[in-house]
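Residues per chain, in single letters:
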Amino acid sequence: MFENVNMDELLTATNETFYMTNISLLGTLVIGILLGLLLFLTARGGIWENKVINAITASVVNVFRSIPFIILILLLFPFTNFLIGTIRGPSAALPALIIGSAPFYARLVEIAFREVDKGVIEAAKSIGAKTSTIIFKVLIPESLPALVSGLTVTAIALIGYTAMAGIIGAGGLGDYAYFYGFQRRNFDLVFICTIIILIIVFIIQFIGDFITNKIDKR
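Everything numeric in this text was worked out from a predicted model, so none of it was measured.

Draft legend 1. Main features of the overall build of the chain. Counting its regular elements, the chain contains nine helices and zero strands. In terms of principal-axis extent, the alpha carbons of the chain reach across some 70 × 40 × 25 Å. Within the chain, the proportion of its 218 residues that are buried is 41%. Taking contacts inside the chain between residues at least 6 apart in sequence as the whole, the part at least 24 apart equals 72%. Total accessible area on the chain is roughly 12,100 Å²; 66% of this is exposed by carbon and sulfur atoms.

Draft legend 2. Focus on the side chain of Thr57. Relative to the assigned elements, Thr57 resides in helix H2 (residues 51-66). At 2.8 Å, the side chain of Thr57 forms a polar contact with the backbone oxygen of Ile53.

Draft legend 3. Main features of the packing of helix H6 (residues 118-126) against helix H7 (residues 131-166). Between H6 and H7, the least distance of the axes is 10 Å, while the angle of their chain directions is 150 degrees. Judged by the angle between their axes, H6 and H7 are roughly antiparallel. Between H6 and H7 lies a crossing whose hand is right-handed. Contact residues: H6 offers Val120, Ile121, Ala124 and Lys125, while H7 offers Ile134, Val138 and Leu139. A class-by-class count of the residues in the contact of H6 with H7 yields six nonpolar, no polar and one charged.

Draft legend 4. Geometry of the nonpolar core. By size, the foremost hydrophobic cluster in this structure holds 28 residues, and its most contacted members are Leu10, Phe69, Leu97, Leu173 and Cys193. Listing elements by their share of this core, those giving two or more residues are helix H1 (7-41), helix H3 (69-75), helix H5 (90-114), H7, helix H8 (172-182) and helix H9 (187-215). No other element matches H9, which puts seven residues into this core. When residues no more than four places from it in sequence are discounted, the contact partners of Leu10 are Val5, Leu173, Tyr176, Ile192, Cys193 and Ile196.

Draft legend 5. Quick look at the pattern of salt bridges. Scanning the model with the defined rule gives three salt bridges in all. Ionic pairing is found between Glu110 and Arg114, a salt bridge with its closest N-O pair at 2.8 Å. A residue pair is termed a helical-turn pair when its members lie 3 or 4 positions apart in one helix, as Glu110 and Arg114 do in helix H5 at four residues. Look at Glu110 and you get buried, because its relative accessible area is 4%. Note that Lys125 and Glu122 form a salt bridge whose closest N and O atoms lie 3.7 Å from each other. You can see Lys125 and its partner Glu122 sitting in helix H6, three residues apart, about one turn around the helix. With a relative accessible area of 46%, Glu122 lands in the partly exposed category. Members of the salt-bridge network, linked through shared partners, are Arg107, Glu110 and Arg114.

Rules behind the numbers
Residues numbered from 1 in each chain as written. Predicted model: local features only at pLDDT ≥ 70, side-chain atom pairs only at ≥ 80, totals over all residues. Heavy atoms only, no water. Helix = DSSP H or I, 4+ residues; strand = E, 2+ residues; numbered from the N terminus. Buried < 20%, exposed > 50% of the residue type's maximum accessible area, 1.4 Å probe, protein only. Contact = heavy atoms within 4.5 Å. Areas by Shrake-Rupley, 256 points an atom, 1.4 Å probe, with all protein chains shown as cover. Polar contact = N/O pair within 3.5 Å; in protein donor to acceptor, adjacent residues only side chain to side chain. Axes fitted to C-alpha atoms, helices over the stretch in contact; angles between N-to-C directions. Parallel < 35°, antiparallel > 145°, perpendicular 65-115°, else oblique. Left-handed = near helix turned anticlockwise from the far one by under 90°. Nonpolar A, V, L, I, M, F, W, Y, C, P; charged D, E, K, R; others polar. Core = buried A, V, L, I, M, F, W, Y, C linked by side-chain atoms within 4.5 Å. Salt bridge = Lys/Arg side-chain N within 4 Å of Asp/Glu carboxyl O.

Below, the structure is given as structure tokens:
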């Protein structure tokens, strides 16, 4: 039934998809939380209220969040080539994956922080807690279920991004399905790649929901 599928090549493509997803998700987590914190803290009534910084950060987030991913990859070719030394392969896809997904996650982080009870924050401020203490002892712990849930959504979006990146030679299941499946009319290969991507998505969703339910004490 799947006579056109080479298991070694399929395994390599799957590993490349995991590599791109895991590394870019880590970068997205760090940058997304930093941007989300900046948006929250500099907003009106925030601890670091600053209209200029908030407007600049929001503009950057909105711009990169709005650019279609496939166009973003093309726009970042010079930067990627400078940073990685090539525009092909799984590592070359990482800058676009991180820059494309971090602003999306940043907005989810900001929303998660906004849902934290302001009374708890005010109570921490009234006893002289430093900003770092409020962030690590109040904001992040209180919003952790929402942060994990948002990261799960972002991880699933990243799977789709890696598939799109494969069309321009980034490797992974998208690359394998397009160049070795679609272009050669080997539709059984396209089908099996789709099934594997769906399985990965279901696994990520299951893990994300499991962790969220475990840490949600409400």
